[in-house]
Amino acid sequence: MTSIRQTDGWGKFHRMESAKSLPFRSGQVIYGSVEKINDQHRALVKIGQETVLAEMQTPLSEGGRYWFQLLAEHETVRLQLIAKSETAGDEAGINHAVLHLTKSWGLPREAQPLLRFLLQKQLPVVKEEVLQATKWLIATKETEMNLRAIQWMYTNQLPLTEDVFQAIKAVQQPDLLSNQLLKLQDLLASMPDDQKPDAIRTLLTTLQRMTSRMDDIDQTLFFLLKDWIQQGDREAYRTLQKVGGWPQEVTENSWSWFAKQIQIHGKTFSLPLSSAFLEEHDAKKQLSDWIAQLQHDWQTNRSKANEQVRAFMTALNDGELPSRLSDFYEAYLKGELPDQPLLSLDDEAASVVIAHHMKKIGQWLGLNYEAELKKWMKADSPVHFDELKPLLLRVYDEVQLPALKEQLEALIHRLTGQQLLSQSQGPIQQLFWQFPLRFADHVTDVIVRWQGRKKRSGEIDPHYCHILFYLQLEQLKETIVDVRIQNSILHVTLWNHTPQIEQLVSRMQPLLKERLEACGYVLSGIKVAAAEQQQKNDWLFSRILMSHSGVDYRI
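A brief report on the enclosed structure follows. These numbers were taken from a predicted model, which means no experiment stands behind them. (Residues numbered from 1 in each chain as written. Predicted model: local features only at pLDDT ≥ 70, side-chain atom pairs only at ≥ 80, totals over all residues. Heavy atoms only, no water.)

Remarks on the overall build of the protein
So, step 1. Scanning the protein for helices and strands turns up 19 helices and 14 strands.
So, step 2. Looking at the protein residue by residue over its 555 residues, the buried ones come to 49%.
So, step 3. Across the protein, every contact between residues at least 6 apart in sequence was considered, and the portion connecting residues at least 24 apart equals 53%.
So, step 4. Total accessible area on the protein is roughly 28000 Å²; 49% of this is exposed by carbon and sulfur atoms. (Helix = DSSP H or I, 4+ residues; strand = E, 2+ residues; numbered from the N terminus. Buried < 20%, exposed > 50% of the residue type's maximum accessible area, 1.4 Å probe, protein only. Contact = heavy atoms within 4.5 Å. Areas by Shrake-Rupley, 256 points an atom, 1.4 Å probe, with all protein chains shown as cover.)

What follows is the structure, encoded as structure tokens:
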């Protein structure tokens, strides 16, 4: 008998449970206070929210507070005294406990910072886990980053494995994700053509889509044609149609019309399509093969690929290439296709585009890969994924170059870390995204941490949540935006070191208030502050590790 859920004076227990049902593990180091001691050398010890009846191996005093090692066997709990400590955070008591455990467990000296950290945070301390985690700490000198990763693993009850550790650590790296993607893109592009299997070509195209400016007409056309012809993307087809690529009445399956247009204009523009393309039943296949060849040329001869894309579009458009197609490509990606023939992006429309782009690029990262894979396996269907994570995994398995495998592994860990930082705990949902975004010629990362409650339907509740944005902007530099929403009332805190930023924010506040009201929200105010001078991840992850405590809402 050991665990006591409720007590009413000494010896009056409403329920007593076995040692097996304790929320602690045998061998775990814990901090507790002695409530009472009886004549049988047993003590009531309060540990957190639990109270246990345990045998004393060393004389203790009522009201005393100690660090113990808990040893549970069958129906008996024994507490082995490690150190006396007036408070859980008492440095003297923690230091004594660290030295005691290092000696009694035969730990290397390098384990002491980890032990001290775990005790200070009152996280579970078990010998086998400390030995394992110490190996990770010794491997690199990024001590603070390593400790944050271990803390997150403990507090979110993640498996203490090296893969999980590397993933949580990777997502904290100060190097921008966008930089990692660009480096990988350059490395793949520099490879000899005969060393680029299909997986590498597809990965390279995906990277270019994520990191390149979408104001290049030829590149825009290529991606739209690829999405329509190879993936059957109706939105891509609608976009091409809306910019005047072909008549509105032409449907996406009007292959006879496409064949006829090529027959009329193909020779004029020297399109590299076979005569079989003129047959309606073979038109789609020929187009798909042509797109595949274009994708190959895109890596080896960009100008040739551009010429072919233009030739195809002008052939279907009676000799006139649609203009300002980049705006329509942006709208297509974000699901914002206007009725007018051309899209002119004003400030308001641009904000909508950016918001939708953030959603779309999350799909490109492939963070739902494992969930989608499970669905495909149940359906017993072939799996075809063009998103980033499955492509990285596929290429990693196919290549042998150490430098390339190292970059691939780092990116895989980083994407997995994002998935692990997105947690669902009861009614609380926490999401974490880090993705590249281009503003004009400036490529940067956007980091978003969203935390909120769910509705009974399981959907997230946008009227009760806490959103944290981290941006590295070209002019404003490091910018952190903390948004708290409760009952549709929104408060914003902006951290930035730009001079006169407060005056700029004050001038823009009426417009923000107006836009929020149009969306059903009330702006209570904006506070401008200067963040402490520290690395972004120190600031960001210290708040992520706060779990629910940073969210102001009632459930």
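Quick notes on unusual backbone geometry
So, step 1. For Q122, which is not a glycine, the phi torsion comes out positive at approximately 55°.
So, step 2. With respect to the element layout, Q122 can be found in the loop between α2 (112–120) and α3 (127–139).
So, step 3. Notably, S488 is not glycine yet its phi reads approximately 70°, a positive angle.
So, step 4. Positionally, S488 belongs in the loop between β12 (477–486) and β13 (489–495).
So, step 5. Judged by its relative accessible area of 16%, S488 is buried.

Here we look at helix α1 (residues 91–104)
So, step 1. Over its 14 residues, α1 extends 20 Å from the first C-alpha to the last, a length consistent with the 20 Å expected when each residue adds 1.5 Å.
So, step 2. All of the buried residues along α1 are G93, I94, A97, V98, L101 and T102. Across the axial projection of α1, the buried residues extend over an arc of 160°, all falling on one side. Facing away from the buried side of α1, by more than 90 degrees, are the exposed residues A92, L99 and K103. (Expected span 1.5 Å × (residues − 1). Arc of directions from axis to C-beta.)

By themselves, these figures tell us nothing about what the structure is for.
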